[in-house]
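Structure at a glance
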Amino acid sequence: MLEELKCCKICPHRCKVNRLEGEIGRCKATDTIKVALYSVHDFEEPCISGNKGSGTVFFSNCNLNCVFCQNYEISQNGRGKEITIKELANIFLKQQGKGVENINLVTPTSYVFQIIEAIKLARKNGLILPVVYNTNAYENLDTIKMLDGLVDIYLPDLKYSQNQLGKRYSKVDNYFEIATSAILEMQRQVGKTKLNDDGVMEKGIIVRHLVLPRKYGK
Ligand code: SF4
């Protein structure tokens, strides 16, 4: 599967760079997973964080580069530590050991092939928590289809309904059509929302909308 990185078309940028040979595309991710931090997040959406917190794993680099990004040190300056697939699987299990509600993959898109391998490995080694895919929704349909059965909860941002704003603030074309098509596939996969007895989500999708200060909306 990692062979796909020879001509990376993971996201709609379709950079076609050979990440296995050190080339980098728009997201600046190499062939090695880079993680900025992993933590217990008590302030994700209430039905995601629940009482025990969400086991977030923040990936470095991002394929959208929004001018208003609050995590730009991580998403655009690439701050983080390189790790292997096995180490990522162990992080999932370590998070589970802390008693969190789920494993929350934040900005995972650039590393989706490695993440798929890590989820499979962690499941084999005892991971039972729901996996949350926390994304900017600038995703290829084919990439989202690969996650069918591996992701339990989708948490996409729908950042723009007007494509000209996507162009101005994230330098992408057709954001709305691309994001909504990906979100419909996410919805198809997870179906109806399922909550546990404590009201914490086990399966489903939450679409988040961005509210920006006025100066960005002009
Ligand atoms: S994941 Fe990165 S390198 Fe691959 S197509 Fe998207 S922006 Fe380009």
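Presented here is a report on the structure given in the accompanying data block. (Residues numbered from 1 in each chain as written. Predicted model: local features only at pLDDT ≥ 70, side-chain atom pairs only at ≥ 80, totals over all residues. Heavy atoms only, no water.)

**Describing the nonpolar core**
Phe 59, Leu 88, Phe 92, Leu 105, Tyr 154 and Tyr 175 are the most contacted members of the largest nonpolar core, which has 53 residues in total. Broken down by element, the residue count for this core peaks at 7 residues, all from helix α4 (residues 112-124). Leave out the neighbours within four places in its chain, and Leu 88 touches Ile 33, Val 35, Val 57, Phe 59, Ile 83, Ile 115 and Ala 118. Counting 6 residues, the second largest nonpolar core, distinct from the first, contains Ile 48, Ile 153, Leu 155 and Met 201. (Core = buried A, V, L, I, M, F, W, Y, C linked by side-chain atoms within 4.5 Å. Buried < 20%, exposed > 50% of the residue type's maximum accessible area, 1.4 Å probe, protein only. Helix = DSSP H or I, 4+ residues; strand = E, 2+ residues; numbered from the N terminus. Contact = heavy atoms within 4.5 Å.)

**Quick word on the side chain of Asn 104**
By the element assignment, Asn 104 lies in strand β4 (residues 103-106). You can call Asn 104 buried: its relative accessible area is 0%. A polar contact of 3.1 Å, which involves the side chain of Asn 104, links it to the side chain of Ser 54. Sequence-distant contacts of Asn 104, defined by excluding residues within four places in its chain, comprise Glu 44, Ile 48, Ser 54, Gly 55, Thr 56, Val 57, Val 132 and Asn 134. (Polar contact = N/O pair within 3.5 Å; in protein donor to acceptor, adjacent residues only side chain to side chain.)

**Regarding helix α7 (residues 175-190)**
Every α-helix winds through 3.6 residues per turn, so residues three or four apart in the chain are directed the same way. In this model α7 runs 23 Å from its N-terminal to its C-terminal C-alpha over 16 residues, within 8% of the 22 Å that 1.5 Å per residue would give. Three or more residues of α7 are buried, namely Tyr 175, Ala 179, Ala 182, Ile 183, Glu 185, Met 186, Gln 189 and Val 190. Considered in projection along α7, the buried side chains sweep an arc of 160° and stay on one side of the axis. Turned more than 90 degrees from where α7 packs its buried face, Leu 184 and Arg 188 sit exposed. With its phi angle positive at about 65°, Gly 191 sits one or two positions after the end of α7. (Expected span 1.5 Å × (residues − 1). Arc of directions from axis to C-beta.)

**Topic: the packing of helix α3 (residues 85-97) against α4**
Put simply, α3 and α4 touch, their axes get as near as 8 Å, and they point 55° apart. If you check the angle between α3 and α4, you find them oblique. α3 and α4 meet at a crossing whose hand is right-handed. Here Ile 85, Lys 86, Leu 88, Ala 89, Phe 92 and Leu 93 of α3 come into contact with α4, specifically with Gln 114, Ile 115, Glu 117, Ala 118, Ile 119, Leu 121 and Ala 122. Split into classes, the residues belonging to the contact of α3 with α4 amount to 10 nonpolar, 1 polar and 2 charged. (Axes fitted to C-alpha atoms, helices over the stretch in contact; angles between N-to-C directions. Parallel < 35°, antiparallel > 145°, perpendicular 65-115°, else oblique. Left-handed = near helix turned anticlockwise from the far one by under 90°. Nonpolar A, V, L, I, M, F, W, Y, C, P; charged D, E, K, R; others polar.)

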